[in-house]
Amino acid sequence: MAETIKIQQTLDCKGLLCPLPIIKLSKALKGIQVGEVVEMLATDPGSVPDVKAFQAQTGHEILASEQQGGVYRFLVKRTK
Amino acid sequence: MGEKTKRLAMVASKGTLDQAYPPLILATTAAAMGWEVGIFFTFYGLDILHKKRLEHLQVSPVGNPAMPPPIPAIPMLKVPTLMGALPGMTAMATTMMKGWMAKAKMPSVKELVDLCVEGDVQLFACATTMGVMGITQEDLIPQAQCAGATTFLDYAASADVSLFI
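Rules and cut-offs
Residues numbered from 1 in each chain as written. Chains lettered and ligands numbered in written order. Predicted model: local features only at pLDDT ≥ 70, side-chain atom pairs only at ≥ 80, totals over all residues. Domains from an automatic or database assignment. Axes fitted to C-alpha atoms, helices over the stretch in contact; angles between N-to-C directions. Helix = DSSP H or I, 4+ residues; strand = E, 2+ residues; numbered from the N terminus. Parallel < 35°, antiparallel > 145°, perpendicular 65-115°, else oblique. Left-handed = near helix turned anticlockwise from the far one by under 90°. Contact = placed C-beta atoms within 7 Å. Nonpolar A, V, L, I, M, F, W, Y, C, P; charged D, E, K, R; others polar. Buried ≥ 20, exposed ≤ 12 C-beta atoms within 10 Å, placed from the backbone. Pairing = 2+ DSSP bridges. Right-handed = clockwise from strand over helix to strand, strands pointing away.

Novice: What am I meant to see in the domain arrangement of chain B here?
Specialist: Annotation of chain B at the domain level lists domain 1 (1–55 + 109–165) and domain 2 (61–107). Each of domain 1 of chain B and domain 2 of chain B has a C-alpha centre, and these two points are 27 Å apart.

What follows is the structure, encoded as structure tokens:
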């Protein structure tokens with residue numbers, strides 16, 4: 001249930017292309033505490049596999065990955 | 001996680017506007033994932049670290065059949081390659097590409113280099129290129145480290161991903 005997750009910060013990456021969304025996501029995660037969550041909004045369809053790959057490489061956990069209209073929404077938790 | 005930090009080693013050998021982007025995009029992305037990244041800038045690729053040139057990289061329409069048609073509605077009507085050699089065509093193609101980049105909110109080459117510096121990407125400046133082209137350390141951004149092929153190979157020997165661009 002995405003509603004019950006506390007979001008620490010929201011990143012608006014709508015209209016941005018690779019590499020900016022991932023760079024901004026990485027920076028945002030560095031700015032919060034372990035266990036806290038960043039919400040990222042993006043419109044680049046490449047961000048869907050990219051956020052997944054980011055999880056695979058960094059271990060930060062995707063709590064939600066969904067699409068609402070033309071906008072992709074991700075919830076990513078800092079794990080370390 | 002007790003895993004070893006991953007390492008990306010790249011050679012950036014081209015100094016045109018279009019070819020400057022791929023190594024910088026890969027480098028900034030890998031750095032964002034916590035990887036160690038080193039780029040060896042060699043031959044014209046060294047212009048990417050050149051203080052005076054890095055904001056003036058150009059894209060050439062000569063010998064580049066991928067250049068888009070001037071009228072998007074007529075995709076088969078390409079600019080003849082020969083016309084690319086006319087005065088002003090390189091400037092025009094460069095302005096056009098910079099326009100697409102700005103419209104897509106893409107960072108400039110300078111901004112990507114700054115992001116590399118921020119992400120602790122090692123920027124190796126090929127010593128041979130510096131010697132051949134008369135480029136000194138003062139001509140380059142302060143983070144450029146003059147190094148030879150041996151240094152790069154030593155760095156790349158323990159890389160997980162190595163690319164030549």
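On we go from here.
Novice: In this structure, what is going on with the packing of helix H1 (residues 17–32) of chain B against helix H3 (residues 109–118) of chain B? I would like to understand it.
Specialist: Relative orientation and spacing of two packed helices are given, respectively, by the angle between their axes and the distance between those axes. All names here are of chain B. Relative orientation of the contacting elements H1 and H3 amounts to 30°, with a least axis distance of 9 Å. Our classification of the angle between H1 and H3 gives roughly parallel. The crossing of H1 and H3 is left-handed. Two secondary-structure elements touch here, H1 through Ala20, Leu24, Ala27, Thr28 and Ala31 and H3 through Val109, Leu112, Val113, Leu115 and Cys116. Classifying every residue of the contact of H1 with H3 by side-chain character gives nine nonpolar, one polar and no charged.

Novice: Mind showing me how you'd approach the interface of chain B and chain A here?
Specialist: Note on interface size: it is often stated as the accessible area lost on association of the parts. With twelve residues of chain B at the contact, the number on the chain A side is 13 residues. The leading source of residues in the side of chain B that touches chain A is H1 of chain B, at four residues. Classifying every residue of the side of chain B that touches chain A gives eight nonpolar, three polar and one charged.

Novice: Explain the pairing of strand E1 (residues 7–12) of chain B here, please?
Specialist: Note on strand geometry: in a regular strand, side chains alternate between the two faces of the sheet. All names here are of chain B. Taking burial as the measure, the six residues of E1 include five buried ones, the bulk of the element. Where E1 and strand E2 (residues 36–41) come together, six bridges link them in parallel fashion. Across the sheet, Arg7 pairs through a bridge with Glu36, a residue of E2. Viewed along the sheet, the connection from E1 through H1 into E2 turns out right-handed. Relative to strand E5 (residues 161–164), E1 runs parallel, the two sharing four bridges. What sits directly across from Val11, in E5, is Phe164.

Novice: Sorry if this is basic, but what is going on with the sheet that holds strand E3 (residues 122–126) of chain B here?
Specialist: One key point about sheets: their strands pair by backbone hydrogen bonds, in either a parallel or an antiparallel sense. Residues and elements named next belong to chain B. Spatial strand order, E4-E3-E2-E1-E5: five strands in an open sheet with parallel pairing. For this open sheet the edge positions go to strand E4 (144–147) and E5, each flanked by a neighbour on one side alone. Direction aside, the axes of adjacent strands within the sheet are offset by 20° on average. Summarising the sheet, E2 and E3 pair through four bridges and their orientation is parallel. From the neighbouring strand, Phe41 faces E3, where its bridge partner is Ala125. Of the strands in this sheet, E1 and E2 are in contact with H1, which crosses E1 at around 165°.

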